[in-house]
Amino acid sequence: MAPFRAEIPNHFSLPRRINRLGELAYNLWWTWTPEAQRLFSRIDPQLWETIYHNPVRFLRQVERPKLNAVTNNRYYLDFYDRMFRSFDQYMQAENTWSQKAHPQLQDNLIAYFSMEFGLHETLPIYAGGLGVLSGDHTKEASDLGLPFVSIGFFYTEGYFTQRITEDGWQEAQYNVHQFEELPVMPILDANGGPLVISVDLPGRMVFARLWEVHVGRVPLYLLDANVDKNAPADRALTARLYTSDLDMRVSQEILLGIGGVRALRALGYNPAIWHMNEGHAAYLVLERIREFIEVGHPFEEAANLVRASNVFTTHTPVPAGNDEFPLWLVDKYLSQVWPQLGLDRDQFINLARHTVSWGETFSMPALALQHSEGRNAVSELHGRVARKMWNYLWPDRPENEVPIIHITNGVHTGTWLARRLRALYDRYLGTDWLENVDDLDVWELVNNIPDEQLWSVRQHLKRKLVAYIRERTRQRWLRGGWQPVQVVASGVMLDPYTLTIGFARRFAPYKRANLVLRDLDRLLKIINHPAMPVQIIFAGKSHPDHEGGKMLIQEVYRAVKRSESGGRLVFLEDYDMNLARYLIQGVDVWMNTPRRPNEASGTSGEKAALNGVLNFSVLDGWWREGYNGQNGWAIGKDIDYDNPDQQDEADARSLYDILENEIVPLYYQLRSSDGLPGEWIARVKESIRTNGPQFSMRRMVKEYVDRLYLPALQPVKQEKQPDAAV
Ligand SMILES: *Cc1c(COP(=O)(O)O)cnc(C)c1O
């Protein structure tokens, strides 16, 4: 146990009877326990919405009479006691999966490094899919009882808030977040000051303090360079995610990799397994080798020891997504590290050398791949692409023997499943279905859910989505500065009884948000069919420095704004985890149109499938494994193209044909005497039954344990180990 632990700030004045709400506000367990959220929302439902589901802010702002009222309400108090019993049971459980299945793991610690963590909309330290995966992984590690700590950054400004101008141009707004209003706790040293670690950057030391977030049983530590001891420019190092400034970026990654190891040491941890989630954290390799050299191992031995206990996950086949630095930058930032490792420049560059069209680079994934025993891609097809892409690191092996396995991504069921569906599954899948969420047999029982009950929840979720969108738009309109056409584009004309398709993702060109617009006349004809209309809801951000992505948003927005679209095409600003939840629970169909094979995995479609939304996607990433012919639809074929234009044309044609000839008629099929679309519901059940267990985060993390973490445990036992600093 770490000698330094954060104390839960005591800045709420709560009636003693409900005092523990403060503790709950600081443990994100509530984010995947929908009943627990009601402990807050019931006190003041309106405030709960206004402050965006942030319990820390909520408890600071809620009026005393409202708190007093619930302390006099017997039902609330019963509910409160019940929830805290289950919270305590969760936190103290000693019969977790990990304890039962892998007792040998219990004395070891897994340290998980990621540039971003998507845990909840109120903690804006994520940009997109990578972060949500890290967040879900951390939550599941808690559920399974793994000995696990996560480490990342506390971004004071987070990712940006997206605004779209009348002409469809994305503007980025940054807000400085107040730590007092977030579920983060400062870590203090023995003297009561902030615990601080440091790394060397050219000509100076840079300091970072640490914050802790309670994710159920797992601590997440966040580095924060915004401290007085740093020069102003360095204080901004951890202000924002994914800057395109190379100096800033390499500094951030030094702080994450090297500073992250030092932070764990300062906290008293001695991890047995080190997991780099994507290449951003790969500098931890250097710090760990340095540590072993310091206690007397020669370089080769040190590197082998580090390799044996490292695990690395690669997340993208797109070259721009793989971090690499020009060598002049490496000279500038890391030349003091070579001698510490006993290497000259050339030997050092060799740790991560990558030859690209314009010269040589220092590649973060190459550094990680060459210094990890466990390596994985995130879907079967991505595994194939990754083995090809990194074949040069194993030149004497054929492509299919490059040692990179695949573990397909999953999603954290409790986080993403609608509350009403959870209640329905509780009723028909057996009371402990969530404990066995990766068990295929459990999900066979989906067939027992009566059609009308499933359909009525699905309809409810769609009405809820439409009501939410309208209210959001009204609030935005009330604030002023908007043209009427922006109100239309934001979804006021949506109809809750029309077939609704969702498309929300990052606006990167390979995601082809404009594929569905390729033949606009044909699309307009489909969506405006008088008896069988269709609505499409778009959302998503582009990287603020990426003109290509912003132009794609503009292209979509201009189509949305046209009067010919009849208000049935919609673009929602500011896609985040909150909006994602509404969309993946509320629409009928989830569409994804990446240019194969660039998707790696994708996870939003998995969230949708879990909620009974049917996927309609290119056979790329997870859907290539999930699609079985009856649980959704495939756009295009399971083939590779050489010519992207041909590929776009074929995929677009397939998209329109299936939408027009299969999806729309099936949805509006003359309903039988009970008024239900029986065949549609059968597909919904098939989708839930097959995808629910297979793409659960539980299945995924268990695979990480069996195939990556446990193998990394074996060798290092008898060696001289670097110790924790305290
Ligand atoms: C799940 C999620 C993602 C990842 O979605 P993809 O399928 O990879 O597009 C991105 N952003 C948010 C807010 C999410 O919730």
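Please read all numbers here as calculations on a predicted model, not as lab measurements.

Glancing now at the domain arrangement of the protein. What the domain assignment reports for the protein is domain 1 (12-92), domain 2 (97-157 + 166-409 + 705-713) and domain 3 (426-695). Once you take the C-alpha centre of each, domain 1 and domain 3 turn out to be 34 Å apart.

What follows deals with unusual backbone geometry. A cis amide bond links Arg-596 with the next residue in sequence, Pro-597, at an omega value of 0 degrees. Structurally, Pro-597 can be placed in the loop between β19 (589-592) and α26 (604-610). We note that Glu-278 has phi near 80 degrees; this positive angle belongs to a residue other than glycine. For Glu-278, the location among the structural elements is in the loop between β9 (273-277) and α11 (284-294). On the basis of relative accessible area, Glu-278 is assigned to the buried category, the value being 4%. The backbone of Asp-574 shows a phi angle near 60 degrees, a positive value even though the residue is not glycine. Positionally, Asp-574 belongs in the loop between β18 (569-572) and α25 (577-586). Overall, the relative accessible area of 17% leaves Asp-574 in the buried class.

Another point: the site of the ligand. Near the ligand there are 14 residues, and of these Trp-416, Ala-580, Thr-603, Ser-604 and Lys-607 occur at the shortest range. Taking Thr-603, its main chain carries an N or O atom lying 3.0 Å from an oxygen atom of the ligand. A distance of 2.6 Å is found between an oxygen atom of the ligand and a side-chain nitrogen or oxygen belonging to Lys-607. Out of a free accessible area of 390 Å², the ligand has 92% covered by protein chains. Looking at the shell around the ligand, the elements with two or more residues in it are α8 (129-144), α25 and α26. Of the residues belonging to the shell around the ligand, the class tally is five nonpolar, five polar and four charged. Residues from two domains meet in the shell around the ligand; each of domain 2 (97-157 + 166-409 + 705-713) and domain 3 (426-695) gives at least three.

All right, on to the sheet that holds strand β11 (residues 324-326) then. In spatial order, the strands read β11-β13-β12; together these three strands make up an open sheet with antiparallel pairing. Each of the sheet's edge strands pairs with one partner strand only, and the pair in question is β11 and β12 (353-356). Taking each pair of neighbouring strands and ignoring which way they run, the sheet shows an average axis angle of 45 degrees. The pairing of β12 with strand β13 (residues 359-363) spans four bridges and is antiparallel. Bridging across to β13, Arg-353 finds its partner in Phe-362.

Along the chain, Glu-23 turns up in helix α1 (residues 21-25). For the pair Glu-23 and Pro-9, spaced 14 residues apart in sequence, the C-alpha to C-alpha distance is 9.0 Å. Sequence-distant contacts of Glu-23, defined by excluding residues within four places in its chain, comprise Ile-8 and Phe-87.

Reading the values: the criteria
Residues numbered from 1 in each chain as written. Predicted model: local features only at pLDDT ≥ 70, side-chain atom pairs only at ≥ 80, totals over all residues. Heavy atoms only, no water. Domains from an automatic or database assignment. Helix = DSSP H or I, 4+ residues; strand = E, 2+ residues; numbered from the N terminus. Buried < 20%, exposed > 50% of the residue type's maximum accessible area, 1.4 Å probe, protein only. Near = heavy atom within 4 Å. Polar contact = N/O pair within 3.5 Å; in protein donor to acceptor, adjacent residues only side chain to side chain. Areas by Shrake-Rupley, 256 points an atom, 1.4 Å probe, with all protein chains shown as cover. Nonpolar A, V, L, I, M, F, W, Y, C, P; charged D, E, K, R; others polar. Pairing = 2+ DSSP bridges. Axes fitted to C-alpha atoms, helices over the stretch in contact; angles between N-to-C directions. Contact = heavy atoms within 4.5 Å.

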